[in-house]
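Notes for the structure review
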Amino acid sequence: ITFQPDCGSVYMFERQEDGLWVEQARLLATETGHYHNLGYSVSFDGERVVSGEPQWVDSHDIVTGSVCLFSLSRIIEVGAYWGVNLQEAINFYSPTYHNTITIPAGTYNESIYIDKDVNLVGLSDASDCIIDASGLLNSVVEISNASATFTNLSFTNGDSNNSGGGIAVYTGSAALQDCKVESNEAIFGGGVFITADSLLTLIDTEVTNNWAVEGG
């Protein structure tokens, strides 16, 4: 998408329990141009949005107008939309509308915070989809009052001065399948730390070479 001045756009908002409206998405046409005026008229039905673009110009420079149809994707792919990183994808993720965040192969230098139910899936195996917290002096993943599932991911180089160098779960749950938690350190629970009211599930997952002052 090439953004042009006055090309127009459609903003989508979700109403929160406290009555406030929070922006969820901005819709743009795949072919944009000056003064195309996308959003001049908008209608929606379920998971589809249709918007008029009255000043759209065809290949012969004739103003014919067009209609753009948008359909909700329940999958967010990291890096596919305006270069969003992992944390931005999690912040954007809404359990109401989405069911998965997919993560292409690569190394992501991030420490992520999860406070909503979310499902993260690596698009390759764990050796190729790596969340690396090198230099960030924090857990690779911190989960608070939420349930998170992880598939085909590696969590490495977390360095927490508190708990859970790799993964820390506070009043929530974490389920890992075909994952690796390695080379992390913390005061308590070098690889994984969970509070007494939390749940951890490991399926075909390796937790190795982690270090802690207490708790393994």
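This structure is a prediction, so every number in the text was calculated from the model and none was measured.

With that settled, the discussion passes to the environment of Asn-138. By secondary structure assignment, the location of Asn-138 is in the loop between strand E11 (129-132) and strand E12 (141-144). Between the alpha carbons of Asn-138 and Glu-110 there is a distance of 9.4 Å; along the sequence they are 28 residues apart. Sequence-distant contacts of Asn-138, that is, excluding residues within four places in its chain, are made with Ser-111, Ala-133, Gly-158, Asp-159, Ser-160 and Gly-165.

Moving on to the sheet that holds strand E9 (residues 112-114). Taken in spatial order, the 4 strands line up as E9-E12-E16-E20 in an open sheet, and their pairing is parallel. Every other strand in the sheet has two partners, leaving E9 and strand E20 (192-194) as the edge strands with one partner each. With direction set aside, neighbouring strand axes in the sheet form an average angle of 10°. Of the pairings in the sheet, the one linking E9 to E12 comprises 3 bridges and is parallel in character.

Moving on, we come to the sheet that holds strand E18 (residues 180-182). For sheets, the rule is that strands pair by backbone hydrogen bonds, running either parallel or antiparallel. Pairing is parallel across the open sheet formed by 5 strands, whose spatial order is E8-E11-E14-E18-E22. Single-partner strands in this sheet number two, and they are strand E8 (106-108) and strand E22 (206-208). Strand after strand, the sheet turns through a mean of 15° between neighbouring axes, direction not considered.

Looking now at the pairing of strand E13 (residues 147-151). Burial of the side chains of E13 is restricted to one face: Ala-148 and Phe-150 are buried, whereas none of Ser-147, Thr-149 and Thr-151 on the reverse face is. Bridging between E13 and strand E17 (residues 173-177) involves 5 bridges; their strand directions are parallel. Within E17, the position partnered with Ala-148 by the bridge is Ala-174.

Right, let's get into the nonpolar core. Ile-101, Ile-114, Leu-120, Val-141, Ile-143, Phe-150 and Phe-155 are the most contacted members of the largest nonpolar core, which totals 30 residues. Of all the elements, helix H1 (residues 86-92) adds the most residues to this core, at 3 residues. Not counting chain neighbours up to four residues away, the residues in contact with Ile-101 comprise Ile-76, Val-78, Ala-89, Ile-90, Tyr-93, Val-118, Asn-119, Leu-120 and Val-121.

Right, let's talk about a nonpolar patch on the surface for a bit. Judged by side-chain polarity, Ile-187, Phe-188, Trp-211 and Val-213 come together as a nonpolar surface patch covering roughly 370 Å² of accessible area. Contributing elements (two or more residues each) for the nonpolar patch: strand E19 (185-188) and strand E23 (211-214). Mapped onto the elements of the fold, Ile-187 is located in strand E19.

Quick look at unusual backbone geometry now. Notably, Asn-157 is not glycine yet its phi reads approximately 65°, a positive angle. With respect to the helices and strands, Asn-157 occurs in the loop between strand E14 (154-156) and strand E15 (159-163). In this structure, Asn-209 is a non-glycine residue whose phi angle is positive, near 55°. Among the structural elements, Asn-209 can be located in the loop between E22 and E23.

The subject of this paragraph is the environment of Phe-155. With respect to the helices and strands, Phe-155 occurs in strand E14. Since its relative accessible area comes to 0%, Phe-155 is described here as buried. Between the alpha carbons of Phe-155 and Val-181 there is a distance of 4.9 Å; along the sequence they are 26 residues apart. Excluding anything up to four places from it in sequence, Phe-155 contacts Ile-131, Val-140, Val-141, Phe-150, Ile-167, Leu-176, Cys-179, Lys-180, Val-181, Glu-182 and Asn-184.

Once that is clear, we can look at the packing of aromatic side chains. In the structure shown here, the tally under the stated rule is 2 aromatic pairs. With 6.0 Å between their ring centres and 50° between their planes, Tyr-170 and Phe-193 make a pair best called tilted. With a gap of 23 residues between them, Tyr-170 in strand E16 (residues 167-170) and Phe-193 in strand E20 connect regions that are remote in the sequence. Accessibility expressed as a relative area gives 24% for Tyr-170, which makes it partly exposed.

Quick notes on the rules
Residues numbered from 1 in each chain as written. Predicted model: local features only at pLDDT ≥ 70, side-chain atom pairs only at ≥ 80, totals over all residues. Heavy atoms only, no water. Helix = DSSP H or I, 4+ residues; strand = E, 2+ residues; numbered from the N terminus. Contact = heavy atoms within 4.5 Å. Pairing = 2+ DSSP bridges. Axes fitted to C-alpha atoms, helices over the stretch in contact; angles between N-to-C directions. Buried < 20%, exposed > 50% of the residue type's maximum accessible area, 1.4 Å probe, protein only. Core = buried A, V, L, I, M, F, W, Y, C linked by side-chain atoms within 4.5 Å. Patch = residues over 30% accessible without salt bridge, like charges linked within 9 Å, V, L, I, M, F, W, Y side chains within 5 Å. Areas by Shrake-Rupley, 256 points an atom, 1.4 Å probe, with all protein chains shown as cover. Salt bridge = Lys/Arg side-chain N within 4 Å of Asp/Glu carboxyl O. Phe/Tyr/Trp six-rings, centres within 6.5 Å; stacked < 30°, edge-to-face > 60°.

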